Amino acid sequence: KPIKMGSETIATVPDVISDAEAIFLGKLAILEQKNDIRFGNTLGGYNKAHENIITEEVNNRLGIYQDMYKSYYKDTKTNVTKLMKQHPLSQNLCQVKGFTEYQLAIIMSYIVDPTRFKTPSDLQGYAGVAPKYGKFRSKATMNELNAMKQKAYEGAGMLEQFTRYGHNTEFQSRMYNVSESLIKAGGYFYFFYQQQRQRLIQRAKNNDECYTPTEEEIKAAGGKMHKDRLYMKGKKNQTIEAWSHANAGWRVSRMMLQFVYEEWMKLKGVATRPMYQFEYLGHTSYITLDEVLEFEKVNDRYTKPNEEV
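Rules and cut-offs
- Residues numbered from 1 in each chain as written.
- Predicted model: local features only at pLDDT ≥ 70, side-chain atom pairs only at ≥ 80, totals over all residues.
- Heavy atoms only, no water.
- Salt bridge = Lys/Arg side-chain N within 4 Å of Asp/Glu carboxyl O.
- Helix = DSSP H or I, 4+ residues; strand = E, 2+ residues; numbered from the N terminus.
- Buried < 20%, exposed > 50% of the residue type's maximum accessible area, 1.4 Å probe, protein only.
- Axes fitted to C-alpha atoms, helices over the stretch in contact; angles between N-to-C directions.
- Parallel < 35°, antiparallel > 145°, perpendicular 65-115°, else oblique.
- Left-handed = near helix turned anticlockwise from the far one by under 90°.
- Nonpolar A, V, L, I, M, F, W, Y, C, P; charged D, E, K, R; others polar.
- Core = buried A, V, L, I, M, F, W, Y, C linked by side-chain atoms within 4.5 Å.
- Contact = heavy atoms within 4.5 Å.
- Arc of directions from axis to C-beta.
- Patch = residues over 30% accessible without salt bridge, like charges linked within 9 Å, V, L, I, M, F, W, Y side chains within 5 Å.
- Areas by Shrake-Rupley, 256 points an atom, 1.4 Å probe, with all protein chains shown as cover.
- Phe/Tyr/Trp six-rings, centres within 6.5 Å; stacked < 30°, edge-to-face > 60°.

**A look at the pattern of salt bridges**
Working step 1: A complete count under the given rule lists 7 salt bridges for this structure.
Working step 2: Linking K268 and D19 is a salt bridge whose minimum nitrogen-to-oxygen distance equals 3.6 Å. Of the two residues, K268 is situated in helix 10 (residues 240-268) and D19 in helix 1 (residues 19-49); the sequence distance between them amounts to 249 residues.
Working step 3: Classification of K268 as partly exposed rests on a relative accessible area of 39%.

Dropping the structure here:
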């Protein structure tokens, strides 16, 4: 007698996916990518440790295993992109050149709930794309500062009031990749990036924030400095080109994150406060997502940049 197996079911893509689904998909993609990197590192370390006994045949099979594992992440990325096309946020945001549904899912998975941030500025600080107290901090520096802060609170008998200083360094790294993608796509953000670099370089020169190194400084740097280049004061051997590139890139990240925040809050029906610069500092040059999309429609000349980013 045949065993009754039940009717066959076929997975379907929903018309609209929820925030919860989008956040889960983003977290799944992050996990798969991390595992892909760990697998590669593990395999590389294994090959190095046992290179004297691994035959060519075994090495080829190990390569097959690695390719199989990489395909898991590739499939996840494809599925995330396919499903995120059904999320309402992707309809406008993913029209921006260089910004993808996959990137949107990743960003949403770090934010989780936009209403926990009072302004876009708060979100930008959390993501590490805006300087805190005028400076960007490394992960090592933040750990040192937190250890000192925790010790001070503990000494004062106020440990329960201790809160960590800093930002999400993993989110920061993701936003750096997003900014590179936006710039290389050659749309509005390429134009914006080039404009910001020029402004930053001119400001540094006007405010005497850069200098030409002396022969002694060049010699002490061991070939890392050159007499025909400008370097930033207070930055260890950092050229004005490298400094302007990094800071213009963070400005790109901040603006894209602002758009995600505003669009998401709008979708939730929640009014947003202006950014800090506009609410307290009196800045007036406010760029909207609609203006960016309109610019890209009528400015084809920026679609294929000739300059290296």
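After that view, the rundown keeps rolling.
**As for the packing of helix 8 (residues 188-206) against helix 10**
Working step 1: Running from N to C, helix 8 and helix 10 point in directions that differ by 135°, and their axes come no closer than 8 Å. The pairing of helix 8 with helix 10 is recorded here as oblique in orientation. The two elements helix 8 and helix 10 cross, and the hand of that crossing is right-handed.
Working step 2: For the contact of helix 8 with helix 10, the per-class residue count stands at 14 nonpolar, 5 polar and 5 charged.

**Notes on the nonpolar core**
Working step 1: Counting 58 residues, the largest nonpolar core has F99, F189 and M256 as its most contacted members.
Working step 2: Elements that contribute at least two residues to this core include exactly helix 1, helix 2 (56-84), helix 4 (101-111), helix 5 (120-127), helix 7 (169-184), helix 8, helix 10 and helix 12 (289-298).
Working step 3: Element by element, the count of residues in this core is highest for helix 10, at 13 residues.
Working step 4: Excluding anything up to four places from it in sequence, M256 contacts L93, V96, F99, V178, L182 and F189.

**Some points on helix 5**
Working step 1: Along helix 5, the residues classified as buried are P120, S121, L123, Q124 and A127. All buried residues of helix 5 fall inside an arc of 160° around its axis, so they share one side.
Working step 2: Directly after helix 5, the chain includes G128, whose backbone phi takes a positive value near 80°.

**Thoughts on the environment of S253**
Working step 1: With respect to the element layout, S253 can be found in helix 10.
Working step 2: Setting aside its immediate chain neighbours within four residues, S253 contacts V129, M175, Y176 and S179.

**Quick word on a nonpolar patch on the surface**
Working step 1: On the surface, a nonpolar cluster with roughly 410 Å² of combined accessible area is contributed by I64, Y65, M68 and Y72.
Working step 2: Within the secondary structure layout, Y72 lies in helix 2.
Working step 3: The class for Y72 is partly exposed, based on a relative accessible area of 42%.

**Let's talk about the packing of aromatic side chains**
Working step 1: Summed over all chains, the structure comprises 12 aromatic pairs.
Working step 2: A ring pair is formed by Y188 and F192, whose centres lie 6.1 Å apart and whose planes are at 20°; its orientation type is stacked. Of the two residues, Y188 and F192 are both situated in helix 8; the distance of 4 residues between them amounts to about one turn of the helix. The burial state of Y188 is the same as that of F192; both residues are buried.
Working step 3: With centroids separated by 5.2 Å and ring planes inclined at 85°, the aromatic side chains of Y188 and F295 adopt a geometry described as edge-to-face. Of the two residues, Y188 is situated in helix 8 and F295 in helix 12; the sequence distance between them amounts to 107 residues.

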